[in-house]
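A look at the structure
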Amino acid sequence: MSVKAKIGPSILNADLANLAAESQKLLDNGADYLHLDVMDGNFVPNLTFGHPMVKSLRNKIKTAFFETHMMVQNPAQWISPMADAGVNLYTFHIEPVDDVCMVSRLVQEAGMKVGLAIKPGTKVEDLEKYISIADVVLVMTVEPGFGGQSFMADMMPKVKWLRQNYPNLDIEVDGGVGPKTIACCAKAGANMIVSGTAVVGATDQRQVIREMRDVVQSYLK
Ligand SMILES: O=C(CO)[C@H](O)[C@H](O)COP(=O)(O)O
Ligand SMILES: [Fe+2]
């Protein structure tokens, strides 16, 4: 298997007034990438931040890999500004999008990798037809919109099915993932782990990140 274990902390529940410092601390403590949750108050009942904030963060943090998790109704609208802001991986939900292939192509043409996300109520079969164009697939393990929710273990059959059928696919999980739930994700075959509250709120971020990466890597071998 060629995929690697990667931990991408979500800064959703961090101190957003101190975003650059909080992000740098996570990277210094071993984060493999940063997961930036963008919400439009429409696709999900919450608002976070947009491309101006991401661009400001990029000005402070030059080299880290940035994923934006686009919980927005119209992901095509934000491709160009997010590419300009220095985003590396543009992950959008397939649910509100009529032409996923076209939006994915626009993301690639803008120079970003494509992530395709599904909400808990969306079947993995709905995602399957797009896997060949995705760099990453994201299986949500909470209802998108808020950090700090409980992990939905009943999403693991989706991850398991994806791993069995696509051994080299980057499979990401997001929502309620931390030291208590990581084994469940790792066993199912997830290799990209988003973790917000459990990492950001930890007294020893380095230890939590290392522990989760080790568990995931042990199942990939
Ligand atoms: O996309 C998200 C919520 O919609 C967040 O990435 C996710 O909830 C991470 O936070 P936590 O680990 O606290 O659940
Ligand atoms: Fe997210």
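Within any chain, residue numbers begin from 1 and follow the written order of that chain's sequence. Lettering for chains starts from A, numbering for ligands starts from 1, and both go in the order in which the items are written. In keeping with the predicted nature of the model, local features appear solely for residues at pLDDT of at least 70, side-chain atom pairs appear and are counted solely at 80 or more, and the whole-chain, interface and lining totals rest on all residues. To get the side-chain values, all heavy atoms of the structure are used, and hydrogens and water are removed first.

**A look at the UniProt feature "binding site: a divalent metal cation" (unreviewed entry) in the protein chain**
UniProt positions are given in the numbering used here, feature names are shortened, and annotations may be inferred rather than shown by experiment. In this structure's numbering, the residues bearing the UniProt feature "binding site: a divalent metal cation" (unreviewed entry) are H35, D37, H69 and D174. Taking the farthest pair of C-alpha atoms as the criterion, the annotated set spanning 140 residues converges on one region, since that pair is 10.6 Å apart. Strands here mean DSSP runs of E at least two residues long; helices mean DSSP runs of H or I at least four residues long; both are numbered from the N terminus. Structurally, H35 is set in strand β2 (residues 34–39). Contacts are residue-level and defined by heavy atoms, with any inter-residue pair within 4.5 Å sufficient. In this view, H35 contacts G8, P9, S10, I11, E67, H69, E172, D174 and V194; residues no more than four positions away in its chain are not counted. At 3.3 Å, the side chain of H35 and the side chain of H69 are in polar contact. Along the polypeptide, D174 turns up in strand β7 (residues 170–174). Pairs of N or O atoms are called polar contacts if they sit within 3.5 Å, as long as, within protein, a hydrogen donor faces a hydrogen acceptor (for residues adjacent in sequence, only side-chain-to-side-chain pairs).

**So, the pairing of strand β5 (residues 113–118)**
With a 1.4 Å probe rolled over the protein chains alone, any residue whose accessible area is under 20% of its type maximum counts as buried; one over 50% counts as exposed, and the rest are partly exposed. Of all six residues in β5, five are buried; the element is thus mostly enclosed. In this structure, strand β4 (residues 89–93) lies alongside β5, joined through five bridges in parallel fashion. Each bridged residue has a counterpart across the sheet, and for Y90 the counterpart in β5 is V114. Whether a crossover is right-handed comes down to one check: with the strands pointing away from the viewer, does the path from the first strand over the helix to the second run clockwise; if it does, it is right-handed. In this region the chain leaves β4, passes through helix α4 (residues 100–109) and returns to the parallel neighbour β5; the handedness of that crossover is right-handed. DSSP calls a pair of strands paired once it identifies at least 2 bridges connecting them.

**Some remarks on the site of ligand 1**
Nearness here has a simple test: a residue counts as near a molecule or strand if at least one of its heavy atoms is within 4 Å of that partner. Near ligand 1 lie 20 residues; those nearest to it are G145, D174, G176, G196 and T197. G145 is positioned such that a nitrogen or oxygen atom in its backbone is 2.8 Å from an oxygen atom of ligand 1. Between G196 and ligand 1, the recorded distance is 2.8 Å, taken from a backbone N or O atom to an oxygen atom. Note on areas: Shrake-Rupley with a 1.4 Å probe; residue coverage comes only from the protein chains shown. Protein chains shield 99% of the accessible area of ligand 1, which is 360 Å² for the free molecule. When residues of the shell around ligand 1 are traced back to their parent elements, those giving at least two are β2, β3 (66–71) and β8 (192–195). If you tally residues by element for the shell around ligand 1, the top one is β2, at three residues. Residues are grouped as follows: Ala, Val, Leu, Ile, Met, Phe, Trp, Tyr, Cys and Pro are nonpolar; Asp, Glu, Lys and Arg are charged; every other residue, Gly included, is polar. Classifying every residue of the shell around ligand 1 gives seven nonpolar, 11 polar and two charged.

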